[in-house]
Amino acid sequence: MRSIVFIVLLVICLDAKAQLNCSIISTTGTAYHATAFKHGKGKLLPTDTAITNHIQQRTFELKTVNALTESEKNELIKYKIKLNESDTVMFYDWDIIHNGKIGYFGKAVAKVRILCGDSMIYTQKYLLKEAETKYVPNQFKIIRMNQNDFILNDRIHPYMNINYYFKK
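These remarks concern the structure in this document.

Definitions and limits used
- Residues numbered from 1 in each chain as written.
- Predicted model: local features only at pLDDT ≥ 70, side-chain atom pairs only at ≥ 80, totals over all residues.
- Heavy atoms only, no water.
- Core = buried A, V, L, I, M, F, W, Y, C linked by side-chain atoms within 4.5 Å.
- Buried < 20%, exposed > 50% of the residue type's maximum accessible area, 1.4 Å probe, protein only.
- Helix = DSSP H or I, 4+ residues; strand = E, 2+ residues; numbered from the N terminus.
- Contact = heavy atoms within 4.5 Å.
- Pairing = 2+ DSSP bridges.

### Thoughts on the nonpolar core
Inference 1: Judged by nonpolar contacts, the single largest core of 29 residues is most densely connected at Phe60, Trp94, Ile121, Phe150, Leu152, Tyr164 and Phe166.
Inference 2: Here the element with the most residues in this core is strand E8 (residues 108–115); it accounts for four residues.
Inference 3: Tyrosine 164 has contacts with Ala36, Phe37, Trp94, Asp95, Ile96, Ile97, Phe140, Phe150, Ile151, Leu152 and Asp154, leaving out every residue within four places of it along the chain.
Inference 4: Counting 11 residues, the second largest nonpolar core, distinct from the first, contains Leu76, Leu83, Val109 and Tyr126.

The following block contains the structure:
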């Protein structure tokens, strides 16, 4: 009987160790790919394909500014975005909401800060467009973490109930 209990506890411990946690997600250099986008007031529905078909950069990959490639650094200089060398940033275009509107808004760069205490991701998003010069703040809540995937929920606009699904 004791051996059965020991085996069950061992399996539970090994499974818990394999789970993603906030500190693993916040490490730089690991890429997670977006698999689905859903939103809805009553229940979650897949986001329009007219929006999701435009998305080309479906990754959640954190980098420090000093580890960016030359093309990414030149893009930051081109749009006059000022960041410190130690800042954590992310290039992406999967955020389907901007200034309270749902749609495809193009490529963006965001300064990212992750707080593991409450599983929140705070971003300062700069759209990479000539007309845009100011950042837009955003908050994402990590609402579920499994072994190889996690789900982000947009907290700035909770009435739209937007969820992003990422897989390693």
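Additional details are given in the paragraphs that follow.
### Comments concerning the pairing of strand E1 (residues 31–39)
The two faces of the sheet receive side chains in turn, since in a regular strand these alternate between them.
Inference 1: Across three bridges, E1 lies against strand E3 (residues 59–61) in antiparallel orientation. Counted as the bridge partner of histidine 33 is threonine 59 from E3.
Inference 2: Relative to strand E12 (residues 163–167), E1 is paired through five bridges, and the arrangement is antiparallel. Across the sheet, phenylalanine 37 pairs through a bridge with tyrosine 164, a residue of E12.
Inference 3: Where E1 lies against strand E2 (residues 45–46), two bridges are found, and the strand directions are antiparallel. If you follow lysine 38 over to E2, its bridge partner there is proline 46.

### Comments concerning the pairing of strand E11 (residues 149–154)
Inference 1: Burial of E11 is extensive: five of the six residues sit out of reach of the surface.
Inference 2: Sheet analysis places strand E10 (residues 136–145) next to E11, joined by five bridges and oriented antiparallel. Looking across to E11, one finds that isoleucine 142 is bridged to leucine 152.
Inference 3: The hairpin formed by E10 and E11 contains three residues between the paired strands.

Functional significance is not addressed by these values, which are geometric in nature.
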